[in-house]
Amino acid sequence: MSAPAAPPAAPAVTVVVPTRGRPELVRAAVAAVVAQRYDGTVDCVVVHDQEPVDPSLEELARPGRGVRVVANDGTPGLAGSRNAGLRLVRTPYVASCDDDDAWLPDKVRLQVERLESDPALWAVGAGIRLLMPGGRVVEWLGPSDLVTREDLLRSRRKELHSSTLLMRTAVFERVGGYDEQLPQGYAEDYEWLLRASALGPLGVVRVPLADIRKDGVSWYRGRGEVTAAALEHLLATHPELATSRRGHARILGQVAFAHSTLGDRRTALTWVGRSLRRWPLAPQAGLALVHLVSGADPRLLLRSARLVGRGLS
């Protein structure tokens, strides 16, 4: 009598972590990747953008959990950094994690199980814990275990945050990498999701699997000229966004707020008007109007909006 066949080995996963200017936070992010409770190999590629690499991060590696540090050899910015990491991937699955976020221990296992059980899915996100200003924690699981293209046109969908995504590596052969034409890669993850969602719905593991910081400052965010230019590029390259009144108004309002922070009142008011004509209750346009009228520090406005769950995303 022949011996029973051994169970198939768990597929290997590569995690790409772009970083700039956050030596302690990226160390915590890598440590959380290394600590995954998963039977397969998990390798982490840290891509330093516009800064020297930190070889000491490789000391976090252990058997079955490799850590490699490289410099971004492509376009400076977040999209170029992600693509630099993708060029090194040789595994069937690839995941992304931002340098200020951290995974919970069962993230890779649960997401690989979801993808292995449903060959029609190209990528999966997950529930998250949002670490808000003032120590407040907001848990977000998402309303459904599937996200359609129509869902993404209407809303950014926090459960598909870049630090939650685990993808079949082959999806990048179908839809390409991250758009390096976006200024500093702003909104690069959302732009990529719009392309990926054209292949079919995206999955969600509806339990919290990542801690997402909303209480800090990113090198890739918070600069009005970058935000405005990137979102205008997004609108130009994805005209399908206009098919969702609420989703279109959301982005128009974000552009309005960016121009307002730059002191360009006339342009900001034009974008506010466009946003409110598409969806009169668009909170992003409302936040832009508050800034135009009050002249308050935009960082404080964003902080207040996040505290009440009405941020710009």
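Everything here concerns the structure above.
The following refers to the structure shown.

Conventions we followed
All residue numbers refer to position in the chain's written sequence, counted from 1. Residue-level local features of this predicted model are given only where pLDDT is at least 70; pairs of side-chain atoms are given and counted only at 80 or more, and the full residue set underlies all totals for whole chains, interfaces and linings. Heavy atoms throughout the structure, all of them, feed into the side-chain values; hydrogens and water do not. Lining residues are defined by having an atom within 4 Å of a point belonging to a cavity or pocket. Those points lie on a 1 Å grid over the protein atoms alone, cavities being sets where a 1.4 Å probe fits but cannot get out and pockets being open sets with protein on both sides within 12 Å along at least five of seven lines. Grid points are joined across faces, edges and corners, and a volume is the space filled by probe spheres set on the points. Three classes are used: nonpolar for Ala, Val, Leu, Ile, Met, Phe, Trp, Tyr, Cys and Pro, charged for Asp, Glu, Lys and Arg, and polar for all others, with Gly counted as polar. Any two rings among Phe, Tyr and Trp, with Trp reduced to its six-membered ring, count as a pair given centres within 6.5 Å; such a pair is stacked if its planes are under 30 degrees apart, edge-to-face if over 60, and tilted if neither. Numbering goes from the N terminus for both helices and strands, where a helix is a DSSP run of H or I of at least four residues and a strand is a run of E of at least two. Relative accessibility under 20% of the residue-type maximum defines a buried residue, over 50% an exposed one, and the middle range a partly exposed one, all with a 1.4 Å probe and only protein chains included. To estimate the expected span of a helix, subtract one from its residue number and multiply by 1.5 Å. Any two residues whose heavy atoms approach within 4.5 Å at even a single point are treated as in contact. Counted as salt bridges are all cases of a side-chain nitrogen of Lys or Arg within 4 Å of a carboxyl oxygen of Asp or Glu. Strands are treated as partners if at least two bridges between them are detected by DSSP. Simply put, an axis is a line fit to the C-alpha atoms, just over the touching stretch for a helix, and the angle between two N-to-C directions goes from 0 to 180 degrees. What sets the label is the angle itself: under 35 degrees gives roughly parallel, over 145 gives roughly antiparallel, 65 to 115 gives roughly perpendicular, and the rest give oblique. Crossing handedness is defined as follows: a turn of the near helix away from the far one that is anticlockwise and smaller than a right angle gives a left-handed crossing, while the clockwise case is right-handed. Identification of polar contacts relies on pairs of N or O atoms within 3.5 Å, with a donor-acceptor requirement for protein atoms, meaning one able to donate a hydrogen and the other able to accept it, and with residues adjacent in sequence counted only if both atoms are side-chain atoms.

**Structural notes on empty space enclosed by the protein**
Right, on to step 1. The final tally for this structure, using the stated rule, is one cavity of 30 Å³ or more.
Right, on to step 2. By volume, the largest cavity is sized at about 40 Å³.
Right, on to step 3. If you trace the largest cavity, you find it lined by Val16, Arg82, Leu86, Val94, Ala95, Ser96, Met167 and Tyr178.
Right, on to step 4. Tallied by class, the residues present in the lining of the largest cavity amount to six nonpolar, one polar and one charged.

**Concerning the packing of aromatic side chains**
Right, on to step 1. With the rule as written, the count across this model stands at three aromatic pairs.
Right, on to step 2. Between Tyr178 and Trp192, the ring centres sit 5.9 Å apart and the planes meet at 35°, which makes this aromatic pair tilted. With Tyr178 in the loop between α5 (171-175) and α6 (188-196) and Trp192 in helix α6, the pair connects residues that are 14 residues apart, well separated along the chain.
Right, on to step 3. A residue is classified by how much of its surface remains accessible, and Tyr178, at 6% relative accessible area, is buried.
Right, on to step 4. For Trp192, a relative accessible area of 0% corresponds to the buried category.

**Here we look at the environment of Arg136**
Right, on to step 1. Checked against the element boundaries, Arg136 lands in the loop between β6 (123-131) and β7 (137-140).
Right, on to step 2. Classification of Arg136 as partly exposed rests on a relative accessible area of 36%.
Right, on to step 3. The sequence separation of Arg136 and Lys214 amounts to 78 residues, and the corresponding C-alpha distance is 9.9 Å.

**Things to note about helix α7 (residues 224-237)**
Because the α-helix completes a turn every 3.6 residues, residues three or four places apart line up on one side.
Right, on to step 1. Taking 1.5 Å of rise per residue, the 14 residues of α7 would be expected to cover 20 Å, and the 20 Å separating its terminal C-alpha atoms lies within 8% of that figure.
Right, on to step 2. Residues Gly224, Val226, Thr227, Ala228, Ala230, Leu231, Leu234 and Leu235 constitute the buried set of α7.
Right, on to step 3. Next to the buried residues of α7 lie α6, α8 (245-261) and α9 (265-278).

**Section: α8**
Right, on to step 1. The first and last C-alpha atoms of α8 sit 24 Å apart over 17 residues, in line with the 24 Å expected at 1.5 Å per residue.
Right, on to step 2. Of all 17 residues in α8, 14 are buried; the element is thus mostly enclosed.

**Looking at the pattern of salt bridges**
When their charged atoms lie close together, side chains carrying opposite charge are able to pair.
Right, on to step 1. In the structure shown here, the tally under the stated rule is 15 salt bridges.
Right, on to step 2. One salt bridge in this structure joins Arg157 and Glu159, with 2.8 Å as the shortest N-O distance.
Right, on to step 3. Judged by relative accessible area, which is 10%, Arg157 ranks as buried.
Right, on to step 4. For Glu159, a relative accessible area of 0% corresponds to the buried category.

**Observations regarding the pairing of strand β4 (residues 93-96)**
Right, on to step 1. Where burial is concerned, the two faces of β4 agree: the one with Tyr93 and Ala95 and the one with Val94 and Ser96 are both buried.
Right, on to step 2. Bridge count between strand β1 (residues 13-19) and β4: four bridges; the pairing is parallel. In the strand pairing of β4, Val15 is matched with Ala95.
Right, on to step 3. Bridge analysis of β4 against strand β9 (residues 166-168) gives three bridges, and the strand direction is antiparallel.

**Things to note about the packing of α8 against α9**
Right, on to step 1. Remark: α8 packs on α9, axes separated minimally by 8 Å, with the N-to-C direction vectors making an angle of 165°. Relative to α9, the element α8 is oriented roughly antiparallel. When the axes of α8 and α9 are compared, the crossing they make is left-handed. Counting all contacts with α8, which are made through Arg245, His248, Ala249, Leu252, Gly253, Val255, Ala256, His259 and Ser260, the residues of α9 involved are Thr267, Ala268, Trp271, Val272, Arg274, Ser275, Arg277 and Arg278.

**Quick look at the side chain of Ser260**
Right, on to step 1. Relative to the helices and strands, Ser260 is located in helix α8.
Right, on to step 2. In this structure Ser260 comes out as buried when scored by relative accessible area, which is 5%.
Right, on to step 3. Within polar-contact distance, the side chain of Ser260 engages the side chain of His291 at 2.4 Å.
Right, on to step 4. Not counting the four nearest positions on each side in its chain, Ser260 is found in contact with Ala268, Ala288, His291 and Leu292.

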